[in-house]
Amino acid sequence: MSETAPSDGVENAAKPAQSSNDFSLQNILGQNHESIEHPRLKQEELDPSTAQGWDEEDANRPAAEGFCVECEDQPAQVICDNCADQYCEVCFAAQHRKGSRKLHTSKPLPKAKIPHNGEALVDITNGNSPADENAEDVDMDESDEDLDRIIAGPSTEILGAQPAIGTKVGEWFVERSRFIPVRLTFNERKYLRLLEAALQVSEYTDKIDTLGFGLSKAKRIVHQIRELCAILSGLVLSADYKLGQELFNDRDFQSNEEFYQQLFELGRRHKIMNPDKMRTTYGKLIYLLQDSQSAEVKDLLSFSCVKPIKTVYTVLEDHGALDLLRDDLVSVATKEIYADGRTRRDIQKDIKNKERAIEALSTRYQRKGLDQETVRQCLYSIGDNHAFLRTNRDPCERIIGYLKEHFHPTQAKESKYSLAIRSGKGGARLSHDHAKQYAFVLQSLTLWREILHDMFKLWSLAEQDLLSENVPYRLRDTGQGLNRVQAAPKTSRMMHAILHRAQQSLGSWVGSSAIHMGDHNVPNALMFIDKYSQIYRILLPICNTLGQIPALAEKPALRSYIEDEFGSPENCVREILSDFFRHGFDGSGADNFFDAGSCIDGRLTSAWNWCAQLEKKRYFHVFLLTGFIGFDGEW
């Protein structure tokens, strides 16, 4: 498949194709699939250190008592009166969504505390016990409370919109701040530039993700990591000679473990806050850290490269200042101020109110070890999260608004603006009438909005999956080159929770609800994050163009062109929207009949395919007149 999305991933790892094949929920939650045998080498020769699979006996072992019979790693919440099986809420909804099971009734189970110090429970995703899986989290200094949350699985709570100013904020900011990275300081940005420079010249993925021979893979990994650390040492020495001498006088990497951990953490934190940055280096960084987590590499390297991400929650919790996030003034201090359609007086008033709120909170909650500047940095970081949501999530809201404004849910106002599609016509892979396609588009946009609303949380879980030493990856030919195929149980679980909430809010679901994770379509959590962080690149240019068409029509020459070509500015808007809603969600975009389609990831593939065809549309010149130059974020 030829994907047109810009990539934040790794060199030599092309965009994965999407698939509409329906898998069972157990497979979707991360169960390893059969290896694709290379024409010259068997899987063991591709990566002998990770070629072994999990035990078949473990896979067939029944779920432990009190756990969901389907996913087996979540506590049971309901019991089906007809099946007599116990499910978690998400799995029950997924298994009883269609057919005769849709008529089954259920009743809630009493809540029970999840055991984590008793009998070892089998994790179906990799055959390891939770005790083994949580060993990584303990090493990363997780608190007991956080450990209980992780053992229970990622929280499926999806927070609503930001509390309005003047209302009680409750626990909204406390829960949200758990996954909001702290904005980099001026000094940290200096080291970030050094890290980016070192990653730019590194050939890590070229040397590791290859069918090379000679040194064992572990030794090659250690050699490449040491080489990168040596480059960083030289850059630090050239930037600050005195500091460089102190750090690297004896060329001992192990003694500078904390320095390298902080340096790598800066890159990860910066990427999460700014998805547009590090588009070619982040994948290289995360794959390096992924390899460094294996036990064999750790032994040879003699130090760890990974530390937890520094978040707003951890900074405030370490100094006992979490009450800051429960202060009603925090909604004023973190409010995003925008100028669209507002007077200068109103804008200045909001700026003054925000500055006063920040100063009041920084004064009120400063204490030993937590100065005013650090408190301000935390508040600015929450404000950055709001800016991220406006840029990434709000275009989904605007497109949903256009859909409801210009199209009727059940019938087309005019035949030429009907959303009906037919398989084989115009490249479509699906056949929907107007009402079904309207629902299909609305569901897709709603799901994208929910995903982007919790993107920071998904990113945090994706990194936990990628950097888990208990979930090994396999280097496999996925049809798009060699990729690291790795299960992502935590990310997949959260995605199913988001999908479940979206299905509940809409009442019905059109098309497949399969979520690909850890297969040839979406090899690992990095590819998943890369795909969904691109949504705004599709929707924001469309929103910008549609919003500027009325302004174009105010110019006599351009109005004459629009009226001659489309009849009116309103018809121009409807034609762009109807074509996007038809062929941006028609199941197309794959290079074979089995991929793309109506699955969760296939919808995004179809949208990117529509973007690739834009220059062939008759309204393409309207896009150019509004300043559009591409879907790569540079307009």
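Look a little higher up for the structure.
The paragraphs below set out a description of the structure included in this document. All values derive from a computational prediction rather than experimental measurement.

**Structural notes on the sheet that holds strand β3 (residues 106-108)**
Spatial ordering of the open sheet is given by β2-β1-β3, a layout of three strands whose pairing is antiparallel. Either end of the sheet is taken by a strand with one partner, and the two such strands are β2 (86-87) and β3. Both strand β1 (residues 78-80) and β2 contribute to a ladder of two bridges, which runs antiparallel. Its bridge partner lying in β2, Val-78 is registered against Tyr-87.

**Details of the packing of aromatic side chains**
With the rule as written, the count across this model stands at 17 aromatic pairs. Through pairs of rings, three or more aromatic residues link up here, namely Phe-407, Trp-448, Phe-580, Phe-581, Phe-585, Trp-610, Tyr-619, Phe-623, Phe-628 and Phe-631. The aromatic ring of Tyr-338 is capped on one face by Arg-342, whose charged end is 5.8 Å from the ring centroid. Across from the ring centre of Tyr-287, 4.3 Å away, lies the NZ or CZ of Arg-484, which sits over that ring.

**Describing the pattern of salt bridges**
As enumerated under the stated definition, the model contains 27 salt bridges in all. When the shortest N-O distance is used, the salt bridge between Arg-484 and Asp-209 registers 2.9 Å. In this pair, Arg-484 sits in strand β5 (residues 482-485) while Asp-209 sits in the loop between α9 (204-208) and α10 (217-239), placing the two residues 275 residues apart along the sequence. Between Arg-449 and Glu-397 there is a salt bridge, with the nearest N and O atoms lying 3.5 Å from each other. Note that Arg-449 is positioned in helix α20 (residues 434-453) and Glu-397 in helix α19 (residues 394-406), a separation of 52 residues in sequence. Since its relative accessible area comes to 18%, Arg-449 is described here as buried.

**Quick notes on helix α23 (residues 525-532)**
Across the eight residues of α23, eight count as buried, placing the element largely inside the fold. The set of residues buried in α23 consists of Ala-525, Leu-526, Met-527, Phe-528, Ile-529, Asp-530, Lys-531 and Tyr-532.

Scoring rules and cut-offs
- Residues numbered from 1 in each chain as written.
- Predicted model: local features only at pLDDT ≥ 70, side-chain atom pairs only at ≥ 80, totals over all residues.
- Heavy atoms only, no water.
- Pairing = 2+ DSSP bridges.
- Helix = DSSP H or I, 4+ residues; strand = E, 2+ residues; numbered from the N terminus.
- Phe/Tyr/Trp six-rings, centres within 6.5 Å; stacked < 30°, edge-to-face > 60°.
- Lys NZ or Arg CZ within 6 Å of the ring centre and 35° of its normal.
- Salt bridge = Lys/Arg side-chain N within 4 Å of Asp/Glu carboxyl O.
- Buried < 20%, exposed > 50% of the residue type's maximum accessible area, 1.4 Å probe, protein only.

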